[in-house]
Amino acid sequence: MAPRFWSRFWGYVATLVVMVGVALSSDVKDQIRQRLDIVEVIGSVVALKPAGRSQYKGLCPFHSEKTSSFHVHQERGFFYCFGCGAKGDIFDFVMRTQGVDFFEALQFLGQRAGIDVVPQAPREKKRRDIFEINRMASAFFREQLQGAPLEYLLRRNLLNESIATFELGFAPNSWDVFLKHALYQGYSENDLLAAGLLSESESGRRFDRFRNRVIFPIKDYLGRIVGFAGRVLDDSVPKYLNTSETDVFKKAELLYGLDLAKGSIRESGECVVVEGYMDVIALHQVGIKNVVAALGASLTSEQARTLSRLDVHKVLLAFDADEAGQRAVLSGLDQSVGRQFLVEAVEVPSGKDPAEAVLGGHLTAFQAALHRGLSEVEFRFQQVLAKHQAATLDGKKAILNELLPVLRPRDVFDPVASEMRRLVIDRLKINETLLDEWVHSKRRRKLDDTQLRGMQTRELGHSQVAVIELEVVALLLLEPAKLAERLPAVSAALPPPVEGSLLREFQAICEVCEYSDQAILMKYREREEGRVLFERLFTQTASEDFQIDIEDHIEKSLSRLRELYLDGQKEQQRTLLLERMQEVSSFLTDPDLPTEQLQQYYAELKEIHTMLAARDAERRMRVSSSLAKNKRH
């Protein structure tokens, strides 16, 4: 009887422990829910935008998508994706994004909410142990950073504040000093090996993986240490050594410095990607916060997905390379990355890496270089251009057909499609209105010769403003019966009069000819502009593909004319600002410049950079508005 009694007794105890644990978890879960805002938690991973009362939306982190289908209901405390069906509460989100179980999610959110979560049972958690081991290892490495290793970092012009912020450390030149320390702390060799902190020889001997190296802790976007990188202090190889791949350390998915940079990246919509850990720290130190490092030779599609969730539209690759190296970087770029963002390769000034440039007196030159990178879109455009004869009709047709997938916007604001559209219009002399008609056509057919002839603009020696004015004239002449009615409205909508306006001249001709289309065309018969008008009229009349809404296209063309007029004014302002920036930068090299004057010049440079950034942001807003209008039509 005794064995059966004790068996039942301990069974009741076990059941009671489980019930108490569940009750405690449920109670803690409710407390965490009350203290944490689901929008803030999910917003640290997904860029969320308001989508109605108490609702937000963004790109789903659980599947690849171009249009936001992931929704968060703030009051009810749950999320749902209309694309993949993912759903749940704040705990489900952490479990799915971090690959942890419920109790680990409870601990993580409890720490964020300031609530202690005590383990219900002394169970081993492999994922949790790796984070704990890394925290212990980081503390050990930081204690060792003194003497020569610390002096090495200070000689590289790093500040103590930066060293502390990025938690830099040092691994002593020993085979087992860290191993002994960790064993004394109660960790097993198997735990340390699983965390990637030990190496194992063929004979089975285990020893410290990092020896005589400056240590850079690598964190995930939540700020948890997932691994380490060690840099030698001399010419030993390898120069850098990373943690071996573990359950939490996957190089292809991580971006060094993202935990500190994500706020600036989301705010600016731009991300500077560098090669080295020192580059990230140096740029943060001088105030360039939207910078991360790829843990490899280039940006991976996994890293790109992480950036896309932060609403990044532009990526600047600031690698240590000359122009030839820039082209090599762009050539090796993953095409999925190049299609997601407007990518530019930045040539670091003075032939240095970013850290040496900004900490060695070339900060202003580096900031200027960020504004004149080699565009990946330009690079791809030139590659396609080199394959075909752009001067021939067949060559131009082949170029446009090959570029069509890139020209089609994938979202309301697609910076890649917008930039490629600009290059096609400017370099191939294509009419933008007819190009948009073809790109957005539901038939999705390749160009034929007739269509292309209609889309080409003639080299008339006129500005882009004059070419668009001729397009408006052609549109007005398509329906001569409405010419007298439409022309006054068009004239009233024009920007302030400019010298040589073809539309103003057309209005005068119409009045002289009493709005007779035949008489008007006779006036243009012997003029160079007449070729464009006659081609447009015949093309528009003959091609079924180009049956268009005339009112809508006139409105778009007038809008573009106003935009070009404003752009002309702003481009003049931008040119003046860039000239002044270069002039001020030259003053800063004067060693005898008084401190007060130096401060004034730095303040002026800061103001110029702010104004240039505002103009770039305004341009993005105009492009976004234009694409949204095209999408509706």
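Residues numbered from 1 in each chain as written. Predicted model: local features only at pLDDT ≥ 70, side-chain atom pairs only at ≥ 80, totals over all residues. Heavy atoms only, no water.

A. The overall build of the protein, seen in detail. In terms of helices and strands, the protein carries 28 helices and 17 strands. Relative to its full complement of 633 residues, the protein shows a buried share of 47%. Counting contacts in the protein only where the partners sit at least 6 residues apart, residues at least 24 apart contribute 64% of the total. Accessible surface, the protein: about 31900 Å² in total, of which carbon and sulfur atoms supply 50%. (Helix = DSSP H or I, 4+ residues; strand = E, 2+ residues; numbered from the N terminus. Buried < 20%, exposed > 50% of the residue type's maximum accessible area, 1.4 Å probe, protein only. Contact = heavy atoms within 4.5 Å. Areas by Shrake-Rupley, 256 points an atom, 1.4 Å probe, with all protein chains shown as cover.)

B. Structural context of the sheet that holds strand S11 (residues 240-242). Strands sit in the order S6-S9-S10-S11 across an open sheet of 4 strands; the sheet is antiparallel. Here the strands that pair on one side only, and so sit at the sheet edges, are strand S6 (169-171) and S11. Direction aside, neighbouring strands of the sheet carry axes that sit 35° apart on average. (Pairing = 2+ DSSP bridges. Axes fitted to C-alpha atoms, helices over the stretch in contact; angles between N-to-C directions.)

C. Seen up close, the packing of aromatic side chains. Counted according to the given criterion, the structure contains 21 aromatic pairs. For the ring pair Phe70 and Phe93, a centre distance of 6.3 Å and an interplane angle of 45° mean the geometry is tilted. Taken together, the residues span a long stretch of sequence, with Phe70 in strand S3 (residues 70-73) and Phe93 in helix H3 (residues 90-98) at a distance of 23 residues. Owing to a relative accessible area of 0%, Phe70 belongs among the buried residues under this scheme. Each member of the aromatic cluster is reached from another via a ring pair, and the members are Phe140, Phe141, Phe178, Phe210 and Phe228. One residue, Arg96, lies across the ring of Phe62, its end atom 4.3 Å from the ring centre. Directly above the ring of Phe108 sits Arg224, whose terminal nitrogen or CZ lies 5.6 Å from the centroid. (Phe/Tyr/Trp six-rings, centres within 6.5 Å; stacked < 30°, edge-to-face > 60°. Lys NZ or Arg CZ within 6 Å of the ring centre and 35° of its normal.)

D. Representation of the packing of helix H19 (residues 415-428) against helix H20 (residues 432-439). Packing of H19 against H20 brings their axes to within 10 Å, and their N-to-C directions diverge by 130°. It follows from the interaxial angle that H19 and H20 lie oblique. Here H19 runs over H20; the crossing is right-handed. Facing H19, whose interface residues are Arg421, Val424 and Ile425, H20 presents Glu432, Leu435 and Asp436. Counted by class, the contact of H19 with H20 contains 3 nonpolar, no polar and 3 charged residues. (Parallel < 35°, antiparallel > 145°, perpendicular 65-115°, else oblique. Left-handed = near helix turned anticlockwise from the far one by under 90°. Nonpolar A, V, L, I, M, F, W, Y, C, P; charged D, E, K, R; others polar.)

E. Examining a nonpolar patch on the surface more closely. Together, Phe78, Tyr80 and Phe82 make up an exposed nonpolar region whose accessible area comes to about 300 Å². Summarising the element assignment, Phe82 is placed in the loop between strand S4 (78-81) and strand S5 (87-88). (Patch = residues over 30% accessible without salt bridge, like charges linked within 9 Å, V, L, I, M, F, W, Y side chains within 5 Å. Salt bridge = Lys/Arg side-chain N within 4 Å of Asp/Glu carboxyl O.)

F. The packing of helix H22 (residues 464-478) against helix H23 (residues 483-493), seen in detail. Closest axis-to-axis distance for the H22/H23 pair is 9 Å, and the angle between their directions is 150°. Overall, the two elements H22 and H23 adopt an arrangement that is roughly antiparallel. The way H22 lies across H23 gives a crossing that is right-handed. Along its contact with H22, which presents Val472, Leu476 and Leu477, the element H23 presents Leu483, Arg486, Leu487 and Val490. The residue inventory of the contact of H22 with H23, partitioned by class, reads 6 nonpolar, no polar and 1 charged.

G. The pairing of S3, seen in detail. The sheet contact formed by strand S2 (residues 55-58) and S3 spans 4 bridges and is antiparallel. Bridge assignment links Gln55 to a residue of S3, and that residue is His73. Counting the residues between successive antiparallel strands, the hairpin from S3 to S4 contains 4 residues, one of them, Gly77, with a positive phi of roughly 75°.

H. Seen up close, the nonpolar core. Membership of the largest hydrophobic core comes to 60 residues, with the highest contact counts inside it found for Leu153, Leu168, Leu197, Phe216, Ile218 and Tyr256. Looking at which element gives the most residues to this core, the answer is helix H5 (residues 126-144), with 7 residues. In this view, Phe216 contacts Leu168, Gly227, Phe228, Ala229, Arg231, Tyr240, Tyr256, Tyr277, Met278 and Ile281; residues no more than four positions away in its chain are not counted. Formed by 56 residues, the second largest nonpolar core is a distinct cluster that contains Val46, Phe93, Leu310 and Leu317. (Core = buried A, V, L, I, M, F, W, Y, C linked by side-chain atoms within 4.5 Å.)

I. Quick look at unusual backbone geometry. In the segment running from Val237 into Pro238, the intervening peptide bond is cis, with an omega of -5°. Positionally, Pro238 belongs in the loop between strand S10 (225-232) and S11. Located in the positive-phi region is Asn212, a residue other than glycine, with phi close to 55°. As for its position among the elements, Asn212 is in the loop between strand S8 (206-208) and strand S9 (213-219). Judged by its relative accessible area of 25%, Asn212 is partly exposed. Of note in this structure, Tyr515 is not a glycine but carries a positive phi near 60°. Along the polypeptide, Tyr515 turns up in the loop between helix H24 (502-512) and helix H25 (517-524). Relative accessible area serves as the criterion here: at 27%, Tyr515 is assigned to the partly exposed category.

J. Region of the structure containing the sheet that holds strand S13 (residues 270-274). Sheet architecture is open: 6 strands sit in the order S12-S14-S13-S15-S16-S17, paired in mixed fashion. Of all the strands in the sheet, just strand S12 (255-256) and strand S17 (374-375) have a single pairing partner and so form its edges. Pairing of strand S16 (residues 342-345) with S17, which is carried by 2 bridges, proceeds in the antiparallel orientation. When the bridges of S17 are listed, Glu344 appears paired with Ser375. Helix H10 (residues 258-268) contacts S12, S13 and strand S14 (291-294) of the sheet and is inclined by roughly 125° relative to S14.

K. Broad picture of H20. The buried fraction of H20 amounts to 7 of the 8 residues, a majority that puts the element mostly inside the structure. Inspection of H20 places Glu432, Thr433, Leu434, Leu435, Asp436, Trp438 and Val439 among the buried residues, and these make up the whole buried set.

L. Summary view of H19. Given a rise of 1.5 Å per residue, 14 residues ought to cover 20 Å, and the 20 Å separating the end C-alpha atoms of H19 matches this to within 8%. Buried residues dominate H19, accounting for 10 of its 14 residues. The complete set of buried residues in H19 reads Pro415, Val416, Ala417, Ser418, Glu419, Met420, Leu423, Val424, Ile425 and Leu428. (Expected span 1.5 Å × (residues − 1).)

M. Region of the structure containing the pattern of salt bridges. A complete count under the given rule lists 20 salt bridges for this structure. A salt bridge links Asp311 to Lys49; the shortest N-O distance between them is 3.3 Å. Taken together, the residues Asp311 in the loop between helix H12 (301-308) and strand S15 (314-317) and Lys49 in strand S1 (residues 49-50) connect sequence positions 262 residues apart. The exposure class of Lys49 is partly exposed, given its relative accessible area of 46%. Bridged by salt links that share partners, the residues Glu479, Lys482, Arg486 and Glu551 form one connected network.

N. Just the pairing of S2, in detail. Sheet topology places S1 next to S2; 2 bridges connect them, and they run antiparallel. From the neighbouring strand, Lys49 faces S2, where its bridge partner is Lys57. What sits between the antiparallel neighbours S1 and S2 is a turn of 4 residues, in which Gly52 has the positive phi angle 120°.

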